[in-house]
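# Summary of structural features
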Amino acid sequence: MFYTIDILGTMAFAISGVLVAMEKKMDLFGILIIGFVTAVGGGTLRDLLIGDTPVSWMRDISYTYVIMGSALLAMAFKNKINYLRTSLFLFDTIGIGLYTVVGIEKGINAGLHPIICIALGTMTASFGGVIRDILCNEIPVIFRKEIYATACILGGITYFALIEVGVVNDFIFIIAGVVVILVRILAVRLKIALPSIYLKRP
């Protein structure tokens, strides 16, 4: 189940990266690079922080095949993907839901405190998108008013709450991931956002 979720998250983030790159009218090489860094950026940072090296995608060539295949699939069916912004939002949201769970599980396996595990899950889910947006000259979604990292944190809290009540692991993965996805979708639908804090110029 863990490996399946990791692969699905990789696919979702690779496609979200490709959609952004195509929207920016990049060439084939640029599209593949953006898809790749979006898919592995957060996981790479996570693995480096917990000392799990070489990082996961370097140890298993399947991740590279999945990313390349997802990127080519998205490009091949670009005319079938209507409403690019909606598609980007969907794949990005699925990606953060799946990667939050993957990051938390990695932290648990490393013997880390639950709070640190939730931070790792949030980082895994968010930082691929941060790198994608920076390379595409956009303000990263995580730094805007949208509910993004907050959804990951709520999913992480749900994860450990389910452990406490004795839910089976496979169901914990699914439920926690769905919580992240639902919170993000509902926040956007209902226009719920964190308040902006800024200084007024004199």
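Heads up: the structure comes first, above all this text.
Report follows, based on the coordinates. (Residues numbered from 1 in each chain as written. Predicted model: local features only at pLDDT ≥ 70, side-chain atom pairs only at ≥ 80, totals over all residues. Heavy atoms only, no water.)

## Brief notes about the overall build of the protein
- A tally of regular secondary structure across the protein gives eight helices and zero strands.
- Scanning the protein from its N terminus toward the C terminus, one meets helices and strands in the order α-α-α-α-α-α-α-α.
- Within the protein, the proportion of its 202 residues that are buried is 46%.
- Partitioning the contacts of the protein with sequence separation of at least 6, the portion at a separation of at least 24 is 72%.
- Taken as a whole, the protein presents about 10900 Å² of accessible surface, with 69% of it coming from carbon and sulfur. (Helix = DSSP H or I, 4+ residues; strand = E, 2+ residues; numbered from the N terminus. Buried < 20%, exposed > 50% of the residue type's maximum accessible area, 1.4 Å probe, protein only. Contact = heavy atoms within 4.5 Å. Areas by Shrake-Rupley, 256 points an atom, 1.4 Å probe, with all protein chains shown as cover.)

## As for helix H7 (residues 149–164)
- Compared with the 22 Å implied by 1.5 Å per residue over 16 residues, the 23 Å span of H7 between its first and last C-alpha is a close match.
- Within H7, the full set of buried residues consists of Ala149, Ala151, Cys152, Gly155, Gly156, Thr158, Tyr159, Phe160 and Leu162.
- Residue Gly166 follows H7 closely and has a positive phi angle near 85 degrees. (Expected span 1.5 Å × (residues − 1).)

## Here's the deal with the side chain of Thr44
- By the secondary structure assignment, Thr44 is in helix H2 (residues 28–49).
- A distance of 2.8 Å separates a polar atom in the side chain of Thr44 from a polar atom in the side chain of Trp57.
- Setting aside anything within four residues of it in sequence, one finds Thr44 in contact with Val55 and Trp57. (Polar contact = N/O pair within 3.5 Å; in protein donor to acceptor, adjacent residues only side chain to side chain.)

## What about the packing of aromatic side chains?
- Applying the stated criterion to the full structure yields four aromatic pairs.
- Judged by centre distance (5.1 Å) and plane angle (85 degrees), the rings of Phe36 and Trp57 are edge-to-face. Of this pair, Phe36 sits in helix H2 while Trp57 sits in helix H3 (residues 56–59), and the two are 21 residues apart along the sequence.
- Trp57 sits in the partly exposed class, given a relative accessible area of 22%. (Phe/Tyr/Trp six-rings, centres within 6.5 Å; stacked < 30°, edge-to-face > 60°.)

## Notes on the nonpolar core
- Counting 16 residues, the largest nonpolar core has Phe13, Ala39, Ile67 and Ile96 as its most contacted members.
- Looking at this core, the elements that each hand over two or more residues are helix H1 (2–23), H2, helix H5 (84–109), H7 and helix H8 (169–189).
- The element contributing the most residues to this core is H2, with three residues. (Core = buried A, V, L, I, M, F, W, Y, C linked by side-chain atoms within 4.5 Å.)

## Remarks on the side chain of Thr38
- Checked against the element boundaries, Thr38 lands in helix H2.
- Residue Thr38 is classed as buried on the basis of its relative accessible area, which comes to 1%.
- Reaching out from Thr38, the side chain makes a polar contact with the backbone oxygen of Ile34 at a distance of 2.6 Å.
- Those residues in contact with Thr38 that lie beyond four places of it in its chain are Phe13, Ser16, Gly17, Gly128 and Arg132.

## Examining H8
- Here H8 spans 30 Å end to end across 21 residues, near enough to the 30 Å set by a 1.5 Å rise per residue.
- Turning to H8, its buried residues number three or more, namely Ile172, Phe173, Ala176, Gly177, Val180, Ile181, Arg184 and Ala187. The buried side chains of H8 occupy one side of the element, clustering within an arc of 155 degrees when seen end-on. Residues of H8 that are exposed and point over 90 degrees away from its buried face: Phe171 and Arg189.
- Taken from the residues just after H8, Lys191 is the one with a positive phi, measuring 60 degrees. (Arc of directions from axis to C-beta.)

## Re the packing of H2 against helix H4 (residues 62–76)
- For the pair H2 and H4, the least separation of the axes is 10 Å and the interaxial angle reads 130 degrees. Relative to H4, the element H2 lies oblique. H2 and H4 meet at a crossing whose hand is right-handed. From H2, Leu28, Ile31, Leu32, Gly35, Phe36, Ala39 and Val40 reach across to H4, where they touch Thr64, Ile67, Met68, Ala71 and Met75.
- Here the residues of the contact of H2 with H4 are counted per class, giving ten nonpolar, two polar and no charged. (Axes fitted to C-alpha atoms, helices over the stretch in contact; angles between N-to-C directions. Parallel < 35°, antiparallel > 145°, perpendicular 65-115°, else oblique. Left-handed = near helix turned anticlockwise from the far one by under 90°. Nonpolar A, V, L, I, M, F, W, Y, C, P; charged D, E, K, R; others polar.)

## Points about the environment of Phe91
- Turning to its location among the elements, Phe91 is positioned in helix H5.
- Accessibility expressed as a relative area gives 25% for Phe91, which makes it partly exposed.
- Distance in space between the C-alpha atoms of Phe91 and Met11 is 8.7 Å, their sequence separation being 80 residues.
- With sequence-adjacent residues up to four places away left out, Phe91 is seen in contact with Ala12, Ile15, Ser16 and Leu19.

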